[in-house]
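# Notes for the structure review
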Amino acid sequence: MVEPVPPAGEPAIRATAMSADNNPYGTIFVGWLMGQMALAAGSVASRHSGARAPVVAADGFAFTAPVVAGDEVSFHAAIVGTGRSSMTVAVEVWRRDRHGEGTTRAARGTFVLVAMGEDGAPKALNTTPTTSDIKPLLEGNL
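Report on the accompanying structure. Since the model is a prediction, treat every value here as computed from it, not as a measurement. (Residues numbered from 1 in each chain as written. Predicted model: local features only at pLDDT ≥ 70, side-chain atom pairs only at ≥ 80, totals over all residues. Heavy atoms only, no water.)

### A few points about the nonpolar core
Under the convention used in this document: Here, the term nonpolar core denotes a set of buried Ala, Val, Leu, Ile, Met, Phe, Trp, Tyr and Cys residues that are joined through side-chain atoms within 4.5 Å. Partly exposed describes any residue whose relative accessible area lies between the buried limit of under 20% and the exposed limit of over 50%, with all areas from a 1.4 Å probe on protein chains only and scaled to the type maximum. A run of H or I in DSSP counts as a helix once it spans at least four residues, and a run of E counts as a strand once it spans at least two, with each numbered from the N terminus.
Counting 27 residues, the largest nonpolar core has Trp 32, Val 73, Phe 75, Val 89 and Val 93 as the members making the most contacts within it. Counting only elements with at least two residues in this core, the list comes to helix H1 (30-49), strand S3 (72-82), strand S4 (86-96) and strand S5 (103-114). The element contributing the most residues to this core is H1, with seven residues.

### What about the pattern of salt bridges?
Under the convention used in this document: A pairing counts as a salt bridge when a side-chain nitrogen of Lys or Arg comes within 4 Å of a carboxyl oxygen of Asp or Glu.
For the coordinates displayed, the defined rule picks out four salt bridges. Notably, a salt bridge pairs Arg 14 with Glu 72, separated by 3.6 Å at the nearest N-O pair. Residue Arg 14 is found in strand S1 (residues 13-16), and its partner Glu 72 is found in strand S3; the two are separated by 58 residues along the sequence. Accessibility expressed as a relative area gives 46% for Arg 14, which makes it partly exposed. Note that Glu 92 and Arg 105 form a salt bridge whose closest N and O atoms lie 3.4 Å from each other. Of the two residues, Glu 92 sits in strand S4 while Arg 105 sits in strand S5, which places them 13 residues apart along the sequence. Look at Glu 92 and you get buried, because its relative accessible area is 1%. Classification of Arg 105 as buried rests on a relative accessible area of 8%. Linked through salt bridges whose partners overlap, the residues forming this network are Arg 14, Glu 72 and Arg 96.

Remember, this is a structural readout, not a statement about activity or role.
This is how it looks when you write it as structure tokens:
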């Protein structure tokens, strides 16, 4: 099995994991990770659609390595599919120890977001997404 490598390019967002987000086992609570993943997906979807884009579904989550307080956490996100008003966004989470350069994939999952018009109704997309190096990972080339 080939070891995964972080996607090329800048992450959608980056954060430092803090001890306030620890679970009872001393690692970061996955709920915090999922929330940050949703923020990264929303950022990419809003930029793509030019509109508000709330999450309507989430799927395929895998938490593959613990994140600890002090880790720098990068959230890479890319649109991997679109519908009339919906966007499927793949997100990968990579952690880096605060005092080193080694990285480990900590989580991955997909979100479906819907572009919303100012009237609160779904808004049709009028752009084509760019391809991403995250897509092959979601197609089983892990």
